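# Understanding the architecture of this molecule
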Amino acid sequence: MNIFRLCGDMLHLWSIILLTFKLQKSKSCVGVSCRMQEMYAMVFCFRYLDLCWSYISLYNSVMKIVFITGTIYLIYLMRFKIPICQTYERTN
């Protein structure tokens, strides 16, 4: 396994976890762009389409699924979870 890939994946995972905890603790999504999270979700879904037909390793498959579900969960928090969704500015 490439150490740089591992470090990059762990930093990315850590950022998703921190953002999730920030939203849940502050119960506010002020300063976080839901549209950007939606764009990330689209990029991950299209980028990781190979999950359907190509198996590389368990680590690779698990990380791809975690990135997709983590980003979709952030979108769910910002769009639908009360009271967090009430602080989202839909006009911007």
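Structure shown above.
The rules behind each value
- Residues numbered from 1 in each chain as written.
- Predicted model: local features only at pLDDT ≥ 70, side-chain atom pairs only at ≥ 80, totals over all residues.
- Heavy atoms only, no water.
- Helix = DSSP H or I, 4+ residues; strand = E, 2+ residues; numbered from the N terminus.
- Buried < 20%, exposed > 50% of the residue type's maximum accessible area, 1.4 Å probe, protein only.
- Disulfide = S-S within 2.5 Å.
- Salt bridge = Lys/Arg side-chain N within 4 Å of Asp/Glu carboxyl O.
- Axes fitted to C-alpha atoms, helices over the stretch in contact; angles between N-to-C directions.
- Parallel < 35°, antiparallel > 145°, perpendicular 65-115°, else oblique.
- Left-handed = near helix turned anticlockwise from the far one by under 90°.
- Contact = heavy atoms within 4.5 Å.
- Nonpolar A, V, L, I, M, F, W, Y, C, P; charged D, E, K, R; others polar.
- Core = buried A, V, L, I, M, F, W, Y, C linked by side-chain atoms within 4.5 Å.

Another point: unusual backbone geometry. Looking along the chain, the bond that leaves I82 and enters P83 is cis, with omega of 10°. Mapped onto the secondary structure, P83 falls in the segment after α3 (58-79). Positive phi, normally seen in glycine, also occurs at K27, with a value near 55°. Note that K27 resides in the loop between α1 (3-26) and α2 (34-47). A residue is classified by how much of its surface remains accessible, and K27, at 46% relative accessible area, is partly exposed.

This structure, assessed with the given rule, holds 0 disulfides. Not engaged in a disulfide, the cysteine C29 finds its nearest cysteine sulfur in C34; these two sulfurs lie 7.3 Å apart.

Attention now goes to the pattern of salt bridges. Per the stated rule, a full pass over the model turns up 3 salt bridges. The closest approach of N and O atoms between E38 and R79, which form a salt bridge, is 2.8 Å. Of this pair, E38 sits in helix α2 while R79 is found in helix α3, placing the two residues 41 residues apart along the sequence. Judged by relative accessible area, R79 falls into the partly exposed class, the value being 23%. One salt bridge in this structure joins K64 and D50, with 2.8 Å as the shortest N-O distance.

Attention now moves to the packing of α1 against α3. Packed helices, taken two at a time, are described by their axes: the angle between them and the distance between them. Viewed as axis vectors pointing N to C, α1 and α3 meet at an angle of 25°, and their least axial separation amounts to 10 Å. As the angle between them shows, α1 and α3 are arranged roughly parallel. Crossing hand, α1 versus α3: left-handed. Facing α1, whose interface residues are R5, L6, D9, M10, H12, L13, I16, L19, T20, L23 and Q24, α3 presents Y59, N60, M63, V66, F67, G70, T71, Y73, L74, L77 and M78. Looking at the contact of α1 with α3 residue by residue, the class counts come to 14 nonpolar, 6 polar and 2 charged.

Core analysis: the largest hydrophobic core is formed by 19 residues, its most contacted members being L23, C29, F67, L74 and M78. Those elements giving two or more residues to this core turn out to be α1, α2 and α3. With 7 residues, the single largest contributor to this core is α3. Look past the residues within four positions of M78 in its chain and what remains in contact with it is L23, C29, V32, S33, C34, Q37, I84, C85 and Y88.

Okay, the environment of V43 next. Structurally, the position occupied by V43 is in helix α2. Judged by its relative accessible area of 43%, V43 falls in the partly exposed class. Measuring from C-alpha to C-alpha, the distance between V43 and I68 comes to 9.2 Å, with 25 residues separating the pair along the chain.

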